[in-house]
Amino acid sequence: GAGVSQSPSNKVTEKGKDVELRCDPISGHTALYWYRQSLGQGLEFLIYFQGNSAPDKSGLPSDRFSAERTGGSVSTLTIQRTQQEDSAVYLCASSSNPGKKLFFGSGTQLSVL
Amino acid sequence: GNSVTQMEGPVTLSEEAFLTINCTYTATGYPSLFWYVQYPGEGLQLLLKATKADDKGSNKGFEATYRKETTSFHLEKGSVQVSDSAVYFCALSDRGDDKIIFGKGTRLHILP
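Residues numbered from 1 in each chain as written. Chains lettered and ligands numbered in written order. Predicted model: local features only at pLDDT ≥ 70, side-chain atom pairs only at ≥ 80, totals over all residues. Heavy atoms only, no water.

Draft legend 1. Layout of the interface of chain B and chain A. Each side of the interface is counted separately: chain B has 15 residues, and chain A has 19 residues. Interface area for chain B against chain A, summed over the two sides, is near 1400 Å², with a carbon-plus-sulfur share of 57%. The tally of links between chain B and chain A comes to one salt bridge. In this assembly, chain B and chain A are joined by four residue pairs in polar contact (both at pLDDT 80 or more). (Contact = heavy atoms within 4.5 Å. Buried area = accessible area lost by both parts, 1.4 Å probe. Salt bridge = Lys/Arg side-chain N within 4 Å of Asp/Glu carboxyl O. Polar contact = N/O pair within 3.5 Å; in protein donor to acceptor, adjacent residues only side chain to side chain.)

Written out as structure tokens, the structure is:
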């Protein structure tokens, strides 16, 4: 595609529910990154994929967070049993080479009530 | 572990003023360094980068020089415009570790 696409753009959920956030990277980009942007916290690294494998999952805040990538393309970030502190903007980025220039999506604004 | 520290904002300047946003880093190897910018209502985009010591990245009148001796990558612009109002993020990618980590961001307001 022309750019990194994320869906939904906004998600409001109740505490305790599960949510799935989707990222569609630029076609041909092998590296895919997930970040969380909270007020006053900047960009917090969550996980990155090279192809379908995730060499670094060190940023996932808890075992309620998981991510997968299939076919070297679309990635899904799943948050189980959401908590209010999970409210943030979740950003996805892709790159033609890991560690190089990132192209960001517009993000998913998650609000947990 | 690797980290990026940048000056806290918000920074408020008048149009045509000189801008410096400080960024220092900690890395175990020889990282590549980046500045990303997030304009209001838009996604993050790469502003400039430098991949080795003494390299200078530049774009849109902004410059930053990779200083290994001071582990810094300060962002500068000689004469800012209202359209430069945005949030600026310093970032690094360490060789051998493709994780890219960001600083907390500095919000810049330029007054006409």
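Here the narrative resumes, following the displayed structure.
Draft legend 2. Molecular detail of the pairing of strand E12 (residues 106-111) of chain B. Residue and element names in this part refer to chain B. The side-chain alternation of E12 yields one buried face, formed by Thr-106, Leu-108 and Ile-110, and one unburied face, formed by Arg-107, His-109 and Leu-111. Bridge count between strand E2 (residues 11-14) and E12: four bridges; the pairing is parallel. From the neighbouring strand, Ser-14 faces E12, where its bridge partner is Leu-111. In this sheet, E12 lies alongside strand E10 (residues 86-93) in antiparallel orientation, the contact comprising three bridges. (Buried < 20%, exposed > 50% of the residue type's maximum accessible area, 1.4 Å probe, protein only. Helix = DSSP H or I, 4+ residues; strand = E, 2+ residues; numbered from the N terminus. Pairing = 2+ DSSP bridges.)

Draft legend 3. Representation of the nonpolar core. Residue and element names in this part refer to chain B. Counting 27 residues, the largest nonpolar core has Trp-35, Leu-47, Leu-48, Phe-73, Leu-75 and Tyr-88 as its most contacted members. Looking at this core, the elements with two or more residues in it are E2, strand E3 (19-21), strand E4 (23-26), strand E5 (32-38), strand E6 (45-50), strand E8 (62-65), E10 and E12. It is E10 that contributes the most residues to this core, four residues altogether. Not counting residues within four places of it along the chain, the set of residues in contact with Phe-73 comprises Cys-23, Leu-33, Phe-34, Trp-35, Leu-48, Lys-49, Ala-50, Ala-64, Thr-65, Tyr-66 and Cys-90. (Core = buried A, V, L, I, M, F, W, Y, C linked by side-chain atoms within 4.5 Å.)

Draft legend 4. Inspection of the state of the cysteines at higher detail. Residue and element names in this part refer to chain A. Enumeration according to the criterion identifies two disulfides over all chains in this entry. In this model, Cys-23 is linked to Cys-92 through a disulfide, with the two sulfur atoms separated by 1.9 Å. Between Cys-23 and Cys-92, the S-S torsion sits near -65°, and that sign places the bridge as left-handed. Highlighted residues: Cys-23 in strand E3 (residues 19-24) and Cys-92 in strand E9 (residues 88-95), separated in sequence by 69 residues. (Disulfide = S-S within 2.5 Å.)

Draft legend 5. Summary view of the pairing of strand E4 (residues 31-38) of chain A. All names here are of chain A. Summarising burial for E4: seven of the eight residues are buried, a large majority. Taken together, the eight bridges between E4 and strand E5 (residues 42-50) define a ladder with antiparallel strand orientation. The residue of E5 that forms the bridge with Leu-32 is Phe-49. Hairpin remark: E4 followed by E5, antiparallel, with three residues in the connecting loop; positive phi at Gly-40, about 80°.

Draft legend 6. A look at the sheet that holds strand E1 (residues 5-7) of chain A. Residue and element names in this part refer to chain A. Read across the sheet, four strands follow the order E1-E3-E8-E7 without closing on themselves; strand pairing throughout is antiparallel. Where the open sheet ends on each side, the last strands, each with one partner, are E1 and strand E7 (65-69). The average angle at which neighbouring strand axes cross in this sheet is 15°, direction not considered. Both E1 and E3 contribute to a ladder of three bridges, which runs antiparallel. Residue Ser-7 lies in a different strand from E3, and its bridge partner there is Arg-22. (Axes fitted to C-alpha atoms, helices over the stretch in contact; angles between N-to-C directions.)

Draft legend 7. How the structure looks around the layout of surface pockets. Computed from the structure, the largest pocket encloses a volume of approximately 800 Å³. Considering the residues around the largest pocket, the lining is formed by 32 residues, among which Gln-37 and Gly-40 of chain A together with Val-87, Lys-104 and Arg-107 of chain B are closest to the centre. Of all the elements in the fold, those that place two or more residues in the lining of the largest pocket are E4 and E9 of chain A together with strand E1 (3-6), E10 and E12 of chain B. Counting residues per element, the lining of the largest pocket draws most heavily on E12 of chain B, at four residues. Residue classes in the lining of the largest pocket are distributed as 12 nonpolar, 16 polar and four charged. (1 Å grid on protein atoms, 1.4 Å probe; cavity = no way out; pocket = protein on both sides within 12 Å on 5 of 7 lines; lining within 4 Å. Points joined across faces, edges and corners; volume = space filled by probe spheres on them. Nonpolar A, V, L, I, M, F, W, Y, C, P; charged D, E, K, R; others polar.)

Draft legend 8. Structural context of the sheet that holds E3 of chain B. Residues and elements named next belong to chain B. Read from one edge of the open sheet, four strands run E3-E9-E8-E7, paired in antiparallel fashion. Strands at the two margins of the open sheet, each flanked by one partner only, are E3 and strand E7 (56-59). Pairwise comparison of adjacent strand axes, ignoring direction, gives a mean angle of 20° for this sheet. The pairing of E3 with strand E9 (residues 75-77) spans three bridges and is classified as antiparallel. Of the residues in E9, the one forming a bridge with Thr-20 is Glu-76.

Read these as geometric descriptors, not functional statements.
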